[in-house]
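Listed here are the chains, written in short residue letters.
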Amino acid sequence: NNVLFMEVLEKEAEKLGLRALLHEKPFAGINGSGKHNNWSIGTDTGVNFFYPGKNDADRELFVIAIACLAYGLCQHNEVVRCCVAHAGNDHRLGAQEAPPAIVSLYPGTGFEEHVDAVIAGGPLLGYKATKSQADPKCTSAMPAPCGVEDRNRTAPFPFCGNRFEF
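S.K.: For this particular structure, what's the right way to read the overall build of the protein?
M.R.: Along the backbone of the protein there are five helices and six strands. Considering the protein as a whole, with its 166 residues, one finds that 25% of them fall into the buried category. Looking at the protein alone, contacts between residues at least 24 apart form 49% of all its contacts between residues at least 6 apart.

Dropping the structure here:
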């Protein structure tokens, strides 16, 4: 769908005497589209595997789904890297974001702590996605509400609350 959309966009822009710039950041120093995909995995009944859930069954599915995603990225990282490792992405990222040479997954600090506990022998269940307040570390600003997601996009696969970006 993405390729088809880009092709239609270019053709329609040309009809209007315009040019569609599909480079993620076409001008130096100016943010562009940051082209990416938001995605999740779910069932035909609406169960989202990447939604942390409010009960034990949903939370267990969430933990297992992220474990499967992490395993898949580990086993097939070269194929995934081929999807994003091109000169345009290297230029766009410019060392300001996670480089496409390192394919990593970041589901947020709370989940990272849960994984560390599981590795240390703790239970699979127990993770709860809780929102918190970000401390600005200065007296002239108030703490800001923040979710469980990776808002800094520190990894090529950042978690966005109920889906991942890539």
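The rest of the description comes next.
S.K.: Can you walk me through the packing of aromatic side chains in this structure?
M.R.: To describe a pair of aromatic rings, you give the distance between the ring centres and the angle between the ring planes. Taken as a whole and judged by the stated rule, the model has three aromatic pairs. Pairing Phe-62 with Tyr-127 gives two aromatic rings, centres 5.6 Å apart and planes at 15°, and the pair type is stacked. With Phe-62 in helix 2 (residues 56-75) and Tyr-127 in the loop between helix 5 (109-119) and strand 3 (132-134), this pair connects stretches of sequence that are 65 residues apart. Across this residue pair, the class does not change: Phe-62 and Tyr-127 are buried. Pairing Phe-111 with Tyr-127 gives two aromatic rings, centres 5.1 Å apart and planes at 85°, and the pair type is edge-to-face. Linking Phe-111 in helix 5 with Tyr-127 in the loop between helix 5 and strand 3, this pair joins segments that are 16 residues apart in sequence. By relative accessible area, Phe-111 is classed as buried at 3%. Pairwise contacts between aromatic rings join Phe-62, Phe-111 and Tyr-127 into one cluster.

S.K.: Looking at this structure, I do not really get the nonpolar core. What am I missing?
M.R.: One broad trend across soluble globular proteins is that nonpolar side chains are buried collectively. Ranked by size, the top nonpolar core spans 13 residues in total, and within it Phe-50, Phe-62, Ile-66, Phe-111 and Phe-164 carry the most contacts. It is helix 2 that provides the largest number of residues to this core, a total of six residues. If near-sequence neighbours (up to four positions away) are discounted, Phe-164 is found in contact with Asn-37, Asn-38, Trp-39, Phe-50, Ile-66, Leu-69, Leu-105, Phe-157, Pro-158 and Phe-159.

S.K.: Could you clarify how one ought to interpret the environment of Thr-43 in this entry?
M.R.: Looking at where Thr-43 falls in the secondary structure, it is placed in the loop between strand 1 (38-39) and helix 2. Side chain to side chain, Thr-43 and Thr-45 meet in a polar contact 2.8 Å long.

S.K.: What's the story with the side chain of His-114 in this structure? I'm lost.
M.R.: Inspection of the secondary structure assignment puts His-114 in helix 5. In terms of polar contacts, His-114 uses its side chain to reach the backbone carbonyl oxygen of Leu-124, at 2.7 Å. Apart from the residues lying within four places of it in its own chain, the contact partners of His-114 are Val-63, Pro-123, Leu-124, Leu-125, Gly-126 and Tyr-127.

S.K.: Explanation requested: the side chain of Arg-59 in the structure shown.
M.R.: Inspection of the secondary structure assignment puts Arg-59 in helix 2. Within polar-contact distance, the side chain of Arg-59 engages the backbone oxygen of Lys-54 at 3.3 Å. Among all residues touching Arg-59, those that are not within four sequence positions of it are Pro-52, Gly-53, Lys-54, Tyr-127 and Lys-128.

Quick notes on the rules
- Residues numbered from 1 in each chain as written.
- Predicted model: local features only at pLDDT ≥ 70, side-chain atom pairs only at ≥ 80, totals over all residues.
- Heavy atoms only, no water.
- Helix = DSSP H or I, 4+ residues; strand = E, 2+ residues; numbered from the N terminus.
- Buried < 20%, exposed > 50% of the residue type's maximum accessible area, 1.4 Å probe, protein only.
- Contact = heavy atoms within 4.5 Å.
- Phe/Tyr/Trp six-rings, centres within 6.5 Å; stacked < 30°, edge-to-face > 60°.
- Core = buried A, V, L, I, M, F, W, Y, C linked by side-chain atoms within 4.5 Å.
- Polar contact = N/O pair within 3.5 Å; in protein donor to acceptor, adjacent residues only side chain to side chain.

By themselves, these observations are geometric and do not establish any function.
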